[in-house]
Amino acid sequence: MTSSVTERGARRPPSTVDDYRREARSMLPRAMWNSLCGDEGELGWETSANNLAAFKATKLRPRVLVDVSRLSLQTTVLGREIGLPVLIAPSGTQQRWHRDGEVASARAAARAGVVMSLSSASTYSIEEVAAAGADLWLQLYVMRNRRVTEHLVRRAEDAGYRALVLTVDRPGGSATPELDPRFAGATSEPDYDFDAEWTHAPALQEDRILKNFRDLDVDGTRFRRPADLTAQIEDSLTWKDLEWLRGLTPLPLVLKGIQNGDDVRLAREHGLEAVVVSNHGGVVVRDARGTMEVLPEAVDAAAGALEVYLDGGVRSGDDVLKALAVGAQAVLVGRAQLWGLTVGGEDGVLDVLEIIRRELHHAMKLCGVADVRRVPRDLVVR
Ligand SMILES: Cc1cc2nc3c(=O)[nH]c(=O)nc-3n(C[C@H](O)[C@H](O)[C@H](O)COP(=O)(O)O)c2cc1C
């Protein structure tokens, strides 16, 4: 593992997610960093900053004289045991960060005993990632050409994926580089060109971009550039259309990108198994609420009938404990995992997960919580 420079100039291995953030930032081309991570608050990344602020505004309220001699960090998601209430969030084109991309992430997930949600816009295929032996869910969008979506669902079923994650917060592929000043001309750096990404991201091989789609030709729908994918994301999709997806497959369906209790209520009425309270890491709507601010109304609306997960701004084990206290079943990590991937590939992702595990364990002990499945809601106050 590479190391960080301390204030005195000595080098030490990264020991927090923030160490990984700093290390990754120093390794990556600036245009890539600005366009994919933002500096959390600058350059129009208000929603990412709101995610962090919402965690900060949620304070722990520790209890004492509780038997914490034996702690359990195990829980279930969609009925399956996981070793830690943390999942790897779907993020596209992971070879941008490290040459082993999603395969490295999946191997780390398998070693840590957590679920990985693979983005359909991955640089290693559904099948290549399945060979890594992790518990996998496939994230997808409903495409204008429904046969493309159906094709992905069949491949996920055949490769042993256990759930589908339908992302619904980018209708019509909005929040694209063409529309969003965050991605073009926002800094003195050269613009990040998503259609020639390999020129910015040293590890990225051009022929791995949109690996799951490259060789497809479904009724003339073809994918070569990222813009071809975003142009295919359906914007007429409504709750009624979910019945079509439900009819295609018995795989459980997780809806990702929910930002209020009203939509959780609808998800419940439509029989969804789970929702992810998420604003896509702040990449879509400008100045939306931080997800930790949304979580209480989402949990109330779910009323125990479906699982609620959260992502956006999770940077430590303490953050995980806060989300569980409010009622999340588990959280997903996006940037934290990508920084681990950048710095150390598979080992870096595993180390990030282990850092979060250690911090969660420590926070539970100090807060009087023995079991992640029973975190009292009054453990936090805003
Ligand atoms: C570089 C990057 C790429 C992403 N790609 C996808 C994607 O392909 N599909 C998706 O549903 N979400 C995607 N996301 C959103 C993540 O799944 C997740 O919601 C977000 O990163 C969580 O916030 P965090 O980064 O603060 O942990 C992406 C996020 C980032 C930062």
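The rules behind each value
- Residues numbered from 1 in each chain as written.
- Predicted model: local features only at pLDDT ≥ 70, side-chain atom pairs only at ≥ 80, totals over all residues.
- Heavy atoms only, no water.
- Buried < 20%, exposed > 50% of the residue type's maximum accessible area, 1.4 Å probe, protein only.
- Helix = DSSP H or I, 4+ residues; strand = E, 2+ residues; numbered from the N terminus.
- Pairing = 2+ DSSP bridges.
- Right-handed = clockwise from strand over helix to strand, strands pointing away.
- Phe/Tyr/Trp six-rings, centres within 6.5 Å; stacked < 30°, edge-to-face > 60°.
- Lys NZ or Arg CZ within 6 Å of the ring centre and 35° of its normal.

Undergrad: Describe the pairing of strand β9 (residues 163-167), with residues and values.
TA: Summarising burial for β9: five of the five residues are buried, a large majority. Burial of the side chains of β9 extends over both faces: Ala 163, Val 165 and Thr 167 are buried on one face and Leu 164 and Leu 166 on the other. Strand direction decides the pairing type here: strand β8 (residues 135-140) and β9, joined by four bridges, are parallel. Bridge pairing in β9 places Gln 139 opposite Val 165. Viewed along the sheet, the connection from β8 through helix α6 (residues 146-158) into β9 turns out right-handed. Looking at chain direction, β9 and strand β10 (residues 253-258) are connected through four bridges and run parallel. Across the sheet, residue Thr 167 finds its bridge partner in β10, namely Lys 256.

Undergrad: Please give an account of the packing of aromatic side chains that cites residues and values.
TA: Considering all chains together, one arrives at three aromatic pairs under this definition. Where Trp 33 meets Trp 339, the ring centres are 6.0 Å apart and the plane angle is 25°; that geometry is what we call stacked. Of this pair, Trp 33 sits in helix α2 (residues 30-36) while Trp 339 sits in helix α12 (residues 335-367), and the two are 306 residues apart along the sequence. Given a relative accessible area of 1%, Trp 339 falls into the buried group. Taking 6.0 Å as the distance between ring centres and 35° as the angle between the ring planes, the aromatic pair formed by Trp 137 and Tyr 309 counts as tilted. Linking Trp 137 in strand β8 with Tyr 309 in strand β12 (residues 307-311), this pair joins segments that are 172 residues apart in sequence. Across this residue pair, the class does not change: Trp 137 and Tyr 309 are buried. Looking at Arg 146, its charged tip hangs above the ring of Trp 244, at a distance of 5.2 Å from the centre. In this structure, Arg 208 is placed above the aromatic ring of Tyr 124, and the distance from its NZ or CZ to the ring centre is 3.9 Å.

Read these as spatial facts, not as claims about activity.
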